[in-house]
Amino acid sequence: MKVKDDQPLRIGFYVCHCGHNIAGVVDCAAVAQYAATLEGVVLSRDYKYMCSSPGQELIREDIRDHNLNRVVVASCSPLLHEHTFRTAVAAGGLNPFLFQMVNIREHDAWVHTDKAAATDKAKALAAAAIRRVARHRPLETTRAPIHPDVLVVGGGISGIHAALTLANAGKKVYLVERDPSIGGHMAQFDKTFPTLDCAACILTPKMSAVRAHKNIVLWTYSEVAKVEGYVGNYTVTVRRKARYVQEELCVGCQECVEACVFKEPKFPDRFNVGLSRRKPIYMPFPQAVPQAVVIDPERCIELKTGKCKKTCLEACADRHAIDFQQKEELVQIHVGSMIVATGYELFDPRRLPHYGYGRYPDVLTTLECERLISSSGPTGGELRLHSGQAPTAVGFVLCAGSRDYKTNRWCSRTCCMHSMKLAQIIRERTGAEVTLFYIDIRAPGKGGEEFYDRALAQGVKFVRGRVAEVSDCPLSPAEQGKLIVRVEDTLAGMVRRIPLDMVVLAVGMEPQANAQEVRRIMNMSCSAEGWFLEKHPKMAPVSTFTDGVFIAGCCQGPKDIPDSIAQAGAAAAEALALIDAGGIDQEPNTAYISEEDCSGCKSCVDLCPYKAIAFDPVKEKASINAALCKGCGVCVAACPSGSIGQNLFEDQEVFEEIEGVLAHA
Amino acid sequence: MPENNWQPRIVAFFCSWCTYTAADLAGVSRLKYAPNIRIIRLMCSGRVDPQFVLEALARGADGVLIGGCHPGDCHYAEGNFKTLRRYQMLRRVLGAMGISEERIRLEWISASEGERVRMVINDLVERIRILGPLDLPGRLAACDAELGASAQALRLPQYRQPAADLREVIHG
Ligand code: FES
């Protein structure tokens, strides 16, 4: 067989042991021996770690010493190391695309136990790649420019941190938040574990910094409606919902709220998870950013019927901030990269009827308990029962809805620490008895174990067992008027009934209800549970499979505040790296049309999702704009005259692979 | 091919974004499945030319699996819908050729569904095992031989092998 430029083929073949990962199942030496017998192979080796620097060095040297003009490496997935080996091939002086990779780890050694069959499979896959690489031609990558502006979706602590990091580096950032204020869940917390520092004291300065930053465009009460384009060049449509208040004119004095025709606040307040009430016109919470009120169109009499006295307008007087005519707006922006930090939702404990949430008013979630002990909360920080009295015995039910096959299988990582935090604060402030019902206490990370020790030292009681039921049916006078927790104490080896005044359910995190929609808009993938999927759990934890889209915080999976911030910083750094590189190399897998063969049937033109194919009515030929082509190959497969080729995935290359995998029995 | 140690051979075409990644995940999760599958990576399931499938069968595959992203999730918007159309056409073609349509299969497998990769592969391998060897190359050769013999008997001059023609059609 000859290569195109008529030099005889000189293929170097390498099979990697990957320690025991591959060699434990596949007979690597046998694969190398077999490959040596195939046409065009002049050198065949097996080596312990091909991706290591000596491994790469080996390729470089062999290319020079043995005058190789093609290289095949059988090792792990090309999605992991194709780039590594292409770089090594290029360093050896060959065009990096005269290379092919064979996946004998993820697709072979790791999924099979029969050694003979696995070795056979490795041989077949190697044969396919060797035949394929013979057809490879040198290709050039093209470089796409990167628009320097960044979109951050979600204004919780992760989004805030990412936006500030980028803005401080001088990049223009659009921060889009769906709620009327940024701050996210962290704004609802009283204190943070394990340091017990005040959440507001560390968050609110960052929120104001966002507002004040000259490089940040903050759009609250807004959602991403559509994303078009690709890395470096995204066009994003943002839906800015009507707030009925002109943000720039509102000074946050709240005189309008005072003046509202509703004399008393009547409607559940989201910030206090329904534990307090607000009016139709309201400030989301005292430290909200932006400091602008918002009108709830579902509740406002003027917006619903047009028949209100509009006392709020009078109160606003010459500031003219209130605007009942405001309409939802669609705005288009251009960015080069995006960071998705859309956070999480809490598990709804109504799905666990045996815990009585929603039936007994003194069964609360951790977030509700948090709001009750927060000084900015509805009770000013006094922990109160439904009856208004202070509780004397409080219980925490850990893993409510978590680590359970019937609800959510995963551990949310923060609920143990969160509950121990609340337990300590309750001990400190009220002296009430606090009992934690747990399966395992998970207090990992810096200061975690010490935090657990501190809870023990403060007299928090720990009962090991998953709570079976919370009820209000007394069996003894001591249980009268109490909530009774029935639990199998697995350390004492008996079933216990423990009367309490208040039961707090440590509910875990869940993906946002609209996660699938967001995923689709951003062209990302989700894990089976619905968390956004990172490109690689270790090597690319904040990247996604879509170039230029990064993830941070709990939308990727449950995590605490330090981890969210670390991830947000990492995502910002990745975006910066992309921007500062000035451009991104694009895989040269574009399709092209050979004009002589094109019959002008136009069947490809409408197939292309990127409008990359144009039809010249004079010549009656189609042509592909390589800059627009994304390399899916749909047109290639559809062309009835076979006149469309695709770089890196030519028909002939695929045919060789097919023949190759079947050649070895 | 001796019947007793015959093993099904299946060629799979997986799109790089979802199904190939899912197969990687199956590996990372150390799930075990039948070793009868050979996966070929393409950028999108929409790149699967029906000729690839026919070629695989003509070269001795007993079954073909096409894997793509779930409808609506294709990295290239709608490549997988094109795949679906071609797949239905292919099934009819195979039926017309007297080949069981069960020998080819299209599956939507997202990047997180490693477990599904295992299930689909094992299930397909078992079904093909029940169907038995396809041995299209053998059949085509037998067909050539038979027709060649009758042509000789009839003393047709310059006989062209019809099966070879068919192969040409398949190989394009
Ligand atoms: S990219 Fe997976 S089917 Fe198109």
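Position numbers for residues count from 1 along each chain, tracking the sequence in the order it is written. Ligands are numbered from 1 and chains lettered from A, in the order in which they are written. Totals for whole chains, interfaces and linings use all residues, but because this is a predicted model, local features are given only for residues with pLDDT of at least 70 and pairs of side-chain atoms are given and counted only at 80 or more. Excluded from the side-chain calculations are hydrogens and water; all other atoms, namely the structure's heavy atoms, are used.

Trainee: An account of the interface of chain A and chain B is needed here, citing residue identities and associated values.
Mentor: Counting residues at the interface gives 51 residues for chain A, matched by 49 residues for chain B. Taken together, both faces of the contact between chain A and chain B bury some 4,300 Å²; the carbon and sulfur share is 60%. Accessible area, probed at 1.4 Å, shrinks when two parts are joined; the buried area is that loss added up over both. Looking only at chain A, the three residues that lose the most surface to chain B are His 107, Trp 110 and Leu 662 of chain A, adding up to 15% of its buried area. Salt bridges are defined by distance alone: a side-chain nitrogen of Lys or Arg within 4 Å of a carboxyl oxygen of Asp or Glu. In this assembly, chain A and chain B are joined by five salt bridges. With a shortest N-O distance of 3.6 Å, Glu 82 of chain A and Arg 41 of chain B are connected by a salt bridge. For this analysis, a polar contact is any N or O atom pair within 3.5 Å, provided that within protein one partner can donate a hydrogen and the other can accept it, and provided that sequence-adjacent residues contribute only side-chain to side-chain pairs. Linking chain A with chain B are 18 residue pairs in polar contact (both at pLDDT 80 or more). Going along the chain from the N terminus, every DSSP run of H or I of four or more residues is numbered as a helix, and every run of E of two or more is numbered as a strand. Those elements giving two or more residues to the side of chain A that touches chain B turn out to be helix H4 (78–91), helix H5 (105–109), helix H6 (115–135), helix H15 (515–522), helix H17 (634–638) and helix H18 (651–663) of chain A. With eight residues, H18 of chain A is the largest single contributor of residues to the side of chain A that touches chain B. Note on residue classes: Ala, Val, Leu, Ile, Met, Phe, Trp, Tyr, Cys and Pro are nonpolar, Asp, Glu, Lys and Arg are charged, and everything else, Gly too, is polar. Of the residues in the side of chain A that touches chain B, the class split is 26 nonpolar, 15 polar and ten charged. Residue contacts are counted whenever heavy atoms from the two residues lie within 4.5 Å of one another.

Trainee: So what's going on with the side chain of Asp 62 of chain B? Which residues, and what values?
Mentor: Tracing the backbone shows Asp 62 of chain B in the loop between helix H2 (50–58) and strand S3 (63–68). At 4.6 Å, Arg 103 of chain B is the nearest oppositely charged side chain to Asp 62 of chain B, a buried residue that forms no salt bridge. A simple rule labels every residue: compare its accessible area, found with a 1.4 Å probe on the protein chains alone, to the largest value its type can have, and call it buried under 20%, exposed over 50%, or partly exposed in between. When charges are tallied, Lys and Arg are placed among the positive residues and Asp and Glu among the negative ones, while His and the ends of the chain are skipped.

Trainee: Go over the pattern of salt bridges with me, naming the residues and quoting the values.
Mentor: Residues and elements named next belong to chain A. Scanning the entire structure with this criterion turns up 54 salt bridges over all chains. With a shortest N-O distance of 3.4 Å, Arg 239 and Glu 328 are connected by a salt bridge. Of this pair, Arg 239 sits in strand S12 (residues 233–240) while Glu 328 is found in the loop between helix H11 (311–316) and strand S17 (329–335), placing the two residues 89 residues apart along the sequence. Judged by relative accessible area, which is 48%, Glu 328 ranks as partly exposed. The salt bridge partner of Arg 384 is Glu 382, with a shortest N-O separation of 3.4 Å. Overall, the relative accessible area of 31% leaves Arg 384 in the partly exposed class.

Trainee: Account for the sheet that holds strand S29 (residues 549–551) of chain A, with residues named and values stated.
Mentor: All names here are of chain A. Strands are treated as partners if at least two bridges between them are detected by DSSP. Ordered by their spatial adjacency, five strands build an open sheet running S10-S7-S6-S18-S29, and the pairing between neighbours is parallel. The open sheet terminates on both sides in strands that have one partner only, identified here as strand S10 (216–219) and S29. Across the sheet, the mean angle separating the axes of adjacent strands is 20 degrees when strand polarity is ignored. Taken together, the four bridges between strand S6 (residues 150–153) and strand S18 (residues 337–340) define a ladder with parallel strand orientation. Note that in S18 the partner of Leu 151 across the bridge is Met 338. A fitted line through C-alpha atoms serves as each axis, taken over the contacting stretch for helices, and the angle formed by two N-to-C directions is quoted from 0 to 180°. This element, helix H16 (residues 561–581), spans S6, S18 and S29 of the sheet and lies at about 175 degrees to S18.

Trainee: Can you break down the packing of aromatic side chains residue by residue, with the values?
Mentor: Stacked, edge-to-face and tilted are the three classes for Phe, Tyr and Trp ring pairs, Trp counted by its six-membered ring, which pair at centre distances within 6.5 Å; planes under 30 degrees apart are stacked, over 60 edge-to-face, the rest tilted. Under the counting rule described, the total for this entry stands at ten aromatic pairs over all chains. Ring centres of Trp 17 of chain B and Tyr 76 of chain B lie 6.4 Å apart, and the angle between their planes is 75 degrees; on these two criteria the pair is classed as edge-to-face. Of the two residues, Trp 17 of chain B sits in the loop between strand S1 (10–15) and helix H1 (19–28) while Tyr 76 of chain B sits in the loop between S3 and helix H3 (79–96), which places them 59 residues apart along the sequence. One aromatic cluster is present, formed by Tyr 438, Tyr 452 and Phe 462 of chain A through successive ring pairs. Here the basic side chain of Arg 30 of chain B rests over the ring of Trp 110 of chain A, its NZ or CZ set 3.7 Å away from the ring centre. Two limits define a charge over a ring: the Lys NZ or Arg CZ must be within 6 Å of the ring centre, and within 35 degrees of the ring normal.

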